[in-house]
Amino acid sequence: MRIGVLTGGGDCPGLNAVIRAVVRRSIVTYEYDVLGVRNGWKGMIDGDVEPLGLYAVSGILHRGGTILGTSRTNPMKNKDDVRRLMDNMQRYEIDALCAVGGNDTLHVALELFNRGVKVVGIPKTIDNDILGTDFTFGFNTAVTIVTEAIDRLHTTAESHHRVMVVEVMGRHSGWIAVMSGIAGGADMILIPEVPFDLNKVCDTLKKRHKQKKFSILVVAEGAVPTDGELVLAGEGTDEFGNVRLGGIGQVLGHEIEKRSGIETRVTILGHIQRGGSPTAYDRILATRFGVRAVDAIAEGQFGKMVALRSEDIVLLDIEKAILENKKVDMRLYGIAEIFFG
Ligand code: F6P
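Residues numbered from 1 in each chain as written. Predicted model: local features only at pLDDT ≥ 70, side-chain atom pairs only at ≥ 80, totals over all residues. Heavy atoms only, no water.

Colleague: Could you clarify how one ought to interpret the overall build of the protein in this entry?
Modeller: Along the protein, the regular secondary structure elements total 11 helices and 13 strands. Computed over its C-alpha atoms, the radius of gyration of the protein comes to 21 Å, within 12% of the 20 Å expected for a compact globule of 341 residues. With the C-alpha coordinates of the protein rotated into their principal frame, the extents come out at 70 × 40 × 30 Å. A burial count over the protein gives 55% of its 341 residues as buried. Taking all contacts inside the protein whose residues are at least 6 apart in sequence as the whole, residues at least 24 apart take part in 75%. (Helix = DSSP H or I, 4+ residues; strand = E, 2+ residues; numbered from the N terminus. Rg over C-alpha atoms; globule rule 2.2 N^0.38 Å. Buried < 20%, exposed > 50% of the residue type's maximum accessible area, 1.4 Å probe, protein only. Contact = heavy atoms within 4.5 Å.)

Right, dumping it as structure tokens:
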């Protein structure tokens, strides 16, 4: 048996831990061969593959990014690409594929499964917005990075009596904003799930500044005002139709300063949240996902995705996982709200 493994979409800490686990489990437990596919689906279209042995994956557990590279290539956009991808599966004698990625990568995995490809999905997104799994790896690292940033911003906010706006990732879901906001003691958290009223935000901040002379406001990049639209970082979309978000922090900072009269500064954490070494939690989760995915292949369970449910790693249909994005649990947001203002 020969397994292909690829990483698609935006990178995140823990991808190398998954690759390492897939290779180890394959070789040590089942004596399978593993081929690494470079740069997501692009590598499968181009036939850009490399054999992955135990030596190739040693020493990568703690490293951020992905040794295989990644891309947002969508092979389904072009019939010729699908044909080349299928041909390469045959040419390199890949019997089963481990597709590590977010919603877009998993959509392609499902399409391929429906065309007869033996594929198992491993959910990956820094945004933690994949349905059916309690957490995705990389998310815990991002929350840790943002929490540390908020702690640092607290001291300078307090010294200068300023509002600090912190813009974090979260395209459709505000998981990073809510979790890091709770951990960092944010005074306001704005997320895509709950459109915000700018006047109310300013009123809350002004009221707070009568007592406390500083505030920390965490905003997810996909947050929208009740009377406004998403703020985009540029024009165009990627091959899956995703717009590029970014800039809501600047818009907010400007408006808050203008409307409240309180000096305001903006920090956009951007890709810092996705870079560097994964936390221990993410290394362990990624390892468990990788091992279970290979077990699923050995059991002949295809068209499935591995997922964390409570203490267990389970399998569920990819079809169910990609129905929609997983939204922030409003009970959690309710807890965050207790500390607003
Ligand atoms: O989908 C994960 C994500 O990190 C989003 O939070 C963010 O909007 C996007 O990727 C950024 O993508 P890119 O790396 O292509 O700039």
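Colleague: Can you help me understand the packing of aromatic side chains in this one?
Modeller: Tallied over the entire structure, the rule returns five aromatic pairs. Ring plane angle 15° and centroid distance 5.1 Å describe the contact between Tyr-30 and Tyr-32, whose orientation is recorded as stacked. Judged by relative accessible area, which is 12%, Tyr-32 ranks as buried. Relative to Tyr-281, the ring of Phe-135 lies with its centre 6.3 Å away and its plane at 90°, an arrangement referred to as edge-to-face. With Phe-135 in the loop between β5 (119–123) and α5 (139–160) and Tyr-281 in helix α9 (residues 280–299), the pair connects residues that are 146 residues apart, well separated along the chain. Classification of Phe-135 as partly exposed rests on a relative accessible area of 26%. (Phe/Tyr/Trp six-rings, centres within 6.5 Å; stacked < 30°, edge-to-face > 60°.)

Colleague: Where do I start with the domain arrangement of the protein in this structure?
Modeller: Domain annotation of the protein identifies domain 1 (2–137 + 278–321) and domain 2 (142–274). With centres defined by C-alpha atoms, the gap from domain 1 to domain 2 works out at 33 Å. Each partner contributes residues to the interface: domain 1 has 16 residues there, and domain 2 has 16 residues. Regarding the contact of domain 1 and domain 2, the summed buried area is about 1,500 Å², with carbon and sulfur atoms giving 53% of it. Its largest share of buried area at the contact with domain 2, domain 1 owes to Arg-72, Ile-126 and Asp-127, together 39% of the area lost on that side. For the pair domain 1 and domain 2, the interface holds one salt bridge. Put simply, Arg-274 and Asp-11 hold a salt bridge, and the shortest N to O gap is 3.0 Å. Run the count over domain 1 and domain 2 and you get five residue pairs in polar contact (both at pLDDT 80 or more). Each residue belonging to the side of domain 1 that touches domain 2 can be placed in one class, and the counts come to five nonpolar, five polar and six charged. (Domains from an automatic or database assignment. Buried area = accessible area lost by both parts, 1.4 Å probe. Salt bridge = Lys/Arg side-chain N within 4 Å of Asp/Glu carboxyl O. Polar contact = N/O pair within 3.5 Å; in protein donor to acceptor, adjacent residues only side chain to side chain. Nonpolar A, V, L, I, M, F, W, Y, C, P; charged D, E, K, R; others polar.)

Colleague: Explain the sheet that holds strand β2 (residues 33–37) to me, please; I cannot follow it from the model alone.
Modeller: The strand order across the open sheet built from seven strands is β3-β2-β1-β4-β5-β12-β13, with neighbouring strands paired in mixed fashion. Each edge of the open sheet carries a strand with a single partner, namely β3 (49–51) and β13 (312–317). Taking the axes of each pair of neighbouring strands and ignoring which way they run, one obtains an average angle of 25° across the sheet. This element, helix α1 (residues 15–30), spans β1 (2–7), β2, β4 (96–101) and β5 of the sheet and lies at about 175° to β1. (Pairing = 2+ DSSP bridges. Axes fitted to C-alpha atoms, helices over the stretch in contact; angles between N-to-C directions.)

Colleague: For this particular structure, what's the right way to read the side chain of Glu-255?
Modeller: Looking at the element boundaries, Glu-255 is found in helix α8 (residues 248–260). Residue Glu-255 is classed as buried on the basis of its relative accessible area, which comes to 16%. Once residues within four sequence positions are removed from consideration, Glu-255 is found in contact with Leu-198 and Cys-202.

Colleague: How should a nonpolar patch on the surface be read in this particular structure?
Modeller: There is a patch of nonpolar side chains on the surface, built from Ile-182, Ile-335, Ile-338 and Phe-339 and spanning about 400 Å² of accessible area. Relative to the helices and strands, Phe-339 is located in the segment after α11 (330–337). (Patch = residues over 30% accessible without salt bridge, like charges linked within 9 Å, V, L, I, M, F, W, Y side chains within 5 Å. Areas by Shrake-Rupley, 256 points an atom, 1.4 Å probe, with all protein chains shown as cover.)

Colleague: Just checking my understanding: could you explain the site of the ligand for this structure?
Modeller: By nearness alone, every residue bordering the ligand is listed as Arg-72, Ile-126, Asp-127, Met-169, Gly-170, Arg-171, Glu-221, His-271 and Arg-274. Within the side chain of Arg-171, a nitrogen or oxygen atom sits 3.3 Å from an oxygen atom of the ligand. Separating an oxygen atom of the ligand from a side-chain N or O atom of His-271 is a distance of 3.0 Å. For the ligand, the protein covers 79% of the area, taking 400 Å² as the surface of the free molecule. The residue inventory of the shell around the ligand, partitioned by class, reads two nonpolar, two polar and five charged. Two domains share the shell around the ligand, each providing at least three of its residues, namely domain 1 (2–137 + 278–321) and domain 2 (142–274). (Near = heavy atom within 4 Å.)

Colleague: Explanation requested: helix α7 (residues 198–211) in the structure shown.
Modeller: The α-helix winds at 3.6 residues per turn, so residues separated by three or four positions along the chain end up facing the same way. Between its first and last C-alpha, α7 extends 21 Å over 14 residues, near the 20 Å set by a 1.5 Å rise per residue. Within the sequence span of α7, burial applies to Leu-198, Val-201, Cys-202, Leu-205, Arg-208 and His-209. Around the axis of α7, the buried residues are gathered within 130° of arc, so they sit on the same side. Looking at α7, the residues exposed on the side facing more than 90 degrees away from the buried face are Lys-200, Lys-207, Lys-210 and Gln-211. (Expected span 1.5 Å × (residues − 1). Arc of directions from axis to C-beta.)

Colleague: Help me out: how do you make sense of the side chain of Thr-73 in this one?
Modeller: With respect to the helices and strands, Thr-73 occurs in the loop between β3 and α3 (79–91). A polar atom in the side chain of Thr-73 sits 3.1 Å from the side chain of Ser-71. The contact partners of Thr-73, leaving out residues within four places of it in the chain, are Trp-41, Lys-42, Ile-45, Glu-239 and Phe-240.

Colleague: Explain the nonpolar core here, please?
Modeller: The tendency in soluble globular proteins is for nonpolar side chains to be buried side by side. Within the largest apolar cluster, 78 residues are counted, with the highest numbers of intra-cluster contacts made by Ile-122, Phe-137, Ile-189, Leu-190, Leu-217, Leu-252 and Ile-256. For this core, the element with the most residues is α5, which contributes eight residues. The two domains that each donate at least three residues to this core are domain 1 (2–137 + 278–321) and domain 2 (142–274). Membership of the second largest hydrophobic core comes to 27 residues, among which are Trp-41, Val-49, Leu-85 and Val-108. (Core = buried A, V, L, I, M, F, W, Y, C linked by side-chain atoms within 4.5 Å.)

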